[in-house]
Amino acid sequence: MSGGPAVTVSIESTCEKQVQEVALDGTETYVPPLSMSQNLAKLAQRIDFSQGSDSEEDEVEGEPRDREWNKQETEEEEGTVKFQPSLWPWDSVRNNLRSALTEMCVLHDVLSVVKEKKYMALDPVSQDPAANKTPQVFQLISKKKLLGTAAQLLLKGAEKLSKSVAENQENRRQRDFNSELLRLRSQWKLRKVGDKILGDLSYRSAGSLFPHHGTFEVIKNTDIDLDKKTPEDYCPLDVQIPCDLEGSAYIKVSIQKQSPDIGDLGTVSLFRRLPKTKAGTQQWHVKLEAAQNVLLCKEIFAQLSREAVQIKSQIPHIVVKNQIISQPFPGLQLSISLCHSTGEKKNHRASPEKPKPDDHLYVLEHNLHQMMREFHKQQLSSVVMPHPASAPFGHKRMRLAGPMAYDKAEISNLQQNEGLLEKIIKQAKHIFLRSRTARTIDSLASRIEDPQIQAHWSNINDVYESSVKVLITSQGYEQICKSIQLQLNIGVEQIRVVHRDGRVMSQHQVHAVQQLAKVMGWQVLSFSNHVGLGPVESIGNASAVTVASPNGEYAISVRNGPESGCKVLVQFPRSQTKELPKSDVIQDPKWSHLRGPSKEVHWSKMEGRNFVYKMELLMAALTPCP
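An account of the accompanying structure is given in this report. Quantities reported herein were computed from a predicted structural model and do not represent experimental measurements. Throughout, a residue's number is its position along its own chain's written sequence, starting from 1. In view of the model being predicted, local features appear only for residues whose pLDDT reaches at least 70, and side-chain atom pairs are presented and counted only at 80 or more, with totals across whole chains, interfaces and linings using the full set of residues. Hydrogens are left out, water is left out, and the side-chain values use all remaining heavy atoms of the structure.

Helix and strand content of the protein: twelve helices and 19 strands. For every residue, the accessible area (1.4 Å probe, protein chains only) is compared with the maximum for its type, and the residue is labelled buried under 20%, exposed over 50%, or partly exposed between those bounds. A buried classification covers 27% of the 626 residues belonging to the protein. Residue contacts are defined here by distance: any two heavy atoms, one from each residue, within 4.5 Å place the two residues in contact. Counting only contacts in the protein whose residues sit at least 6 apart along the sequence, the fraction spanning at least 24 positions is 57%. Summed over its atoms, the accessible surface of the protein is roughly 45,200 Å², and 55% of this surface lies on carbon and sulfur atoms. Helix numbers and strand numbers start at the N terminus; a helix is a DSSP run of H or I with at least 4 residues, a strand a run of E with at least 2. A 1.4 Å probe and the Shrake-Rupley method give the accessible areas. Residues count as covered only by the protein chains that appear here.

Below you can see the structure in the form of structure tokens.
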């Protein structure tokens, strides 16, 4: 109707319940209907209180509604919105005051209704427990079904994930096993026999003739549980070595006093030396190195035992159990023992005996290993195919013909080679002589304070020969008194002394007095390295020197022997000697200047730090002032 007023039409939804949730099995959960109070609050929220004030304002202005409706229809048809300014300037203020008054009135009414019970009473609505019990049961059942369905889905997903993880771990273990096998193959010799992977620990490829097979087997480590966490030191590869190569072993070489009872031989105290493992080293590598070391020690001991039985010497060598006994010097024995520890519990028990000092010679053990490797190298390189093919096997120089050919003696000399046992006995003799020489020099240096003894060992030595230079000096007088230099060349069975001028230590003091007299201005009257007077020395000869003062009034005589020691005598002029009787024959006073009898000096009571310093003080006291 174009001429009539606009009619506001309200449209409400039907009474159908809204769907809140649709389950996986198609079950629909509806929103419960609103109560009367909730519905009233919802309808109150829809009321527009500003609409009534606008209508009243329009009526006060006196504008007919027909014109407004016509204007609205024309505006809607034209599609334009026109702005109508206020009729007077206080229009906005009046409208705000009116809206504030309306809100205050509504607030007053609400407070009155709430405060005074006569207008409206709020009572709780009683709920029927029977009506709410049934939906709760159904709700719990539906939740249980939904949870069961979700749990089944989660279990299926977990099974799939566990299977995929297990497959990944198995593939990773297979890849790790292959990579470890590749590392093992790069360091050890491997071969495949059937479905097994075997390795070789022996030194046959290096020239060894030891009959032990030295075979180990490579297996896959399957002891770990996939469900548990993988340890840090886990290795997917493991090796199985022979039982006789398990544990650790070493060759013990020691020089001891000769045992009085032969029943004591062969009993060697075994102690386990734990190998030092480097960081990041695999277990199979440590195990294979230890097994190969055991195999090498057994080969060395077998070679030494064979040579000990075959060598014919004045004092036969003894092989008892795991020990070889030899006698390099009278009263001494060289013991070579094979110490093998399998790592069992009985070897780890603490022994009640006190620990014995370690007399193991590590140098000889190292030399044994070096000589065995040289023996392997000789065995590998000595076999040369003959040319021509009809020539005998052996060294190339043994196949020479013509005038340059070797005779039988030269060929026998070429074929004579020292074995490991003979070499190690020579080295043991040299080590014993060297240690005994060092102990003797140290004991002399600590016992004899004057003169000083210094030993300088050469750092470039041979296994059969060493050298030491011995210097005998006087402290503070090194430039005046030349030091005695001795060089000792220590061999296998003898010690050779190389001396420049033939002086010995007992002659050092006499030579020092001679050099000091030249510096102090005294005259050397006599000097002898071999004095025939006085007590006879059991070792060497005594030496003596006599010096006189610059004016010839005083004389000092020094006699020094290897055993008798040092003796100093001072001869005074006759004029200072009151004990001499006056002679009627000698009347000339010039004969009074001759020296009289000698007096011994209490040398131990003289002040000074050494012999040369005391002699310097004595000469200074007897030298006349200028």
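This paragraph deals with the packing of helix 6 (residues 283-310) against helix 10 (residues 420-447). To describe two helices that pack against each other, one gives the angle between their axes and the distance between the axes. Relative to each other, helix 6 and helix 10 sit at 90 degrees, their axes nearing to 8 Å. One finds that helix 6 runs roughly perpendicular with respect to helix 10. Here Gln303, Leu304, Glu307 and Ala308 of helix 6 come into contact with helix 10, specifically with Leu420, Leu421 and Glu422. For this classification, Asp, Glu, Lys and Arg are treated as charged, while Ala, Val, Leu, Ile, Met, Phe, Trp, Tyr, Cys and Pro are nonpolar and the rest, including Gly, are polar. Residues that form the contact of helix 6 with helix 10 fall into these classes: four nonpolar, one polar and two charged. Lines fitted to C-alpha atoms define the axes, with helix axes restricted to the stretch in contact, and inter-axis angles between N-to-C directions lie between 0 and 180 degrees. By the definition adopted for this analysis, an angle is roughly parallel if under 35 degrees, roughly antiparallel if over 145, roughly perpendicular if from 65 to 115, and oblique otherwise.

Two strands in a sheet stick together by hydrogen bonds in their backbones, pointing the same way (parallel) or opposite ways (antiparallel). Note: two strands are recorded as paired if DSSP finds a minimum of 2 bridges between them. Strand order in the open sheet formed by four strands is 7-10-9-8, with antiparallel pairing between adjacent strands. Each edge of the open sheet is held by one strand with a lone partner, namely strand 7 (248-257) and strand 8 (318-320). With strand direction ignored, the average angle separating the axes of adjacent strands in the sheet is 15 degrees. In this sheet, strand 10 (residues 332-341) lies alongside strand 7 in antiparallel orientation, the contact comprising ten bridges. When the sheet's bridge partners are listed, Ala249 is paired in strand 10 with His340. Contacts from helix 10 reach strand 7, strand 9 (323-326) and strand 10 within the one sheet, and its direction differs from that of strand 10 by about 120 degrees.

Before going further, it helps to examine the environment of Leu622. Structurally, Leu622 is set in helix 12 (residues 611-622). Separated by 72 residues in sequence, Leu622 and Pro550 place their C-alpha atoms 9.7 Å apart. In contact with Leu622, other than residues within four places in its own chain, are Trp522, Ser549, Tyr554, Ile556 and Val570.

By salt bridge we mean one thing: a side-chain nitrogen of Lys or Arg within 4 Å of a carboxyl oxygen of Asp or Glu. On inspection of all chains with the given rule, the structure shows six salt bridges. Between Arg183 and Glu180 there is a salt bridge, and its shortest N-O distance comes to 3.6 Å. In this pair, Arg183 and Glu180 are both assigned in helix 5 (residues 129-187), three residues apart and thus about one turn of the helix distant. For the salt bridge of Glu418 with Lys426, the shortest nitrogen-to-oxygen distance reads 2.4 Å. In this structure Glu418 comes out as partly exposed when scored by relative accessible area, which is 35%. The partly exposed category is assigned to Lys426, whose relative accessible area is 31%.

What follows is about the sheet that holds strand 14 (residues 495-499). On the basis of which strands lie adjacent, the open sheet formed by four strands has the order 11-12-13-14 and antiparallel pairing. Sheet topology places strand 11 (452-457) and strand 14 at the edges, where each strand pairs with a single neighbour. Averaged over neighbouring strand pairs, the angle between their axes works out to 25 degrees when direction is ignored. Judged from the five bridges that link them, strand 13 (residues 484-490) and strand 14 form a sheet pairing that is antiparallel. Its bridge partner lying in strand 14, Leu486 is registered against His499.

The subject of this paragraph is the packing of helix 11 (residues 508-520) against helix 12. Two elements in contact, helix 11 and helix 12, have axes separated by 10 Å at closest approach and are oriented at 40 degrees. The pairing of helix 11 with helix 12 is recorded here as oblique in orientation. Here the hand of the crossing between helix 11 and helix 12 comes out right-handed. Residues Gln509, Ala512, Val513, Leu516, Ala517 and Met520 of helix 11 lie in contact with helix 12, whose contacting residues are Phe611, Val612, Met615, Glu616, Met619 and Ala620. Looking at the contact of helix 11 with helix 12 residue by residue, the classes come out as ten nonpolar, one polar and one charged. Each crossing is labelled by how the near helix is turned from the far one, with a counterclockwise turn of less than a right angle marking it left-handed and a clockwise turn marking it right-handed.

Pairing between strand 1 (residues 19-22) and strand 2 (residues 28-30): three bridges, direction antiparallel. Along strand 2, the bridge assignment pairs Glu21 with Thr29. Adjacent in sequence and paired antiparallel, strand 1 and strand 2 are bridged by five residues, among which Gly26 carries a positive phi angle near 95 degrees.

Non-glycine residue Lys321 carries a positive phi angle of around 55 degrees. Relative to the elements of secondary structure, Lys321 occurs in the loop between strand 8 and strand 9.

Further remarks concern the nonpolar core. Among buried residues, the Ala, Val, Leu, Ile, Met, Phe, Trp, Tyr and Cys ones that are joined through side-chain atoms within 4.5 Å form a nonpolar core. Of all hydrophobic cores here, the largest spans 43 residues; its most connected members are Leu184, Leu201, Leu237, Ile251, Leu288 and Ile336. Mapped by element, the contributors of at least two residues to this core are helix 5, strand 5 (215-220), strand 6 (237-240), strand 7, helix 6, strand 10, helix 8 (362-382) and helix 10. Element by element, the count of residues in this core is highest for helix 6, at eleven residues.

Expected span of a helix, by definition, is 1.5 Å for each gap between consecutive residues, and there is one gap fewer than residues. The terminal C-alpha atoms of helix 11, which comprises 13 residues, lie 18 Å apart, in line with the 18 Å expected from a rise of 1.5 Å per residue. Along helix 11, the positions that sit buried rather than exposed are His508, Gln509, Val510, His511, Ala512, Val513, Gln514, Leu516 and Ala517. Looking at the buried positions of helix 11, the neighbouring elements they touch are strand 12 (466-473), strand 13, strand 15 (523-528), strand 16 (543-548), strand 17 (555-561) and helix 12. Within two residues after helix 11, Gly521 carries a phi angle of roughly 90 degrees, on the positive side.

The next point concerns the state of the cysteines. Cysteine sulfurs are considered disulfide-paired once they come within 2.5 Å of each other. In total, this model carries zero disulfides according to the counting rule given. Sulfur of Cys297: no disulfide; nearest cysteine sulfur belongs to Cys339 and is 9.4 Å away. Look at Cys297 and you get buried, because its relative accessible area is 1%.

Attention now moves to the side chain of Ser549. Among the structural elements, Ser549 can be located in the loop between strand 16 and strand 17. We classify Ser549 as buried; its relative accessible area is 1%. Polar contacts, as counted here, are pairs of nitrogen or oxygen atoms within 3.5 Å of one another; within protein the pair requires one atom able to donate a hydrogen and one able to accept it, and residues that are adjacent in sequence qualify only if both atoms are side-chain atoms. Here the side chain of Ser549 touches Asn551 through a polar contact of 2.8 Å, side chain to side chain. Separated by 3.2 Å, the side chain of Ser549 and the backbone nitrogen of Glu553 make a polar contact. Excluding anything up to four places from it in sequence, Ser549 contacts Trp522, Tyr554 and Leu622.

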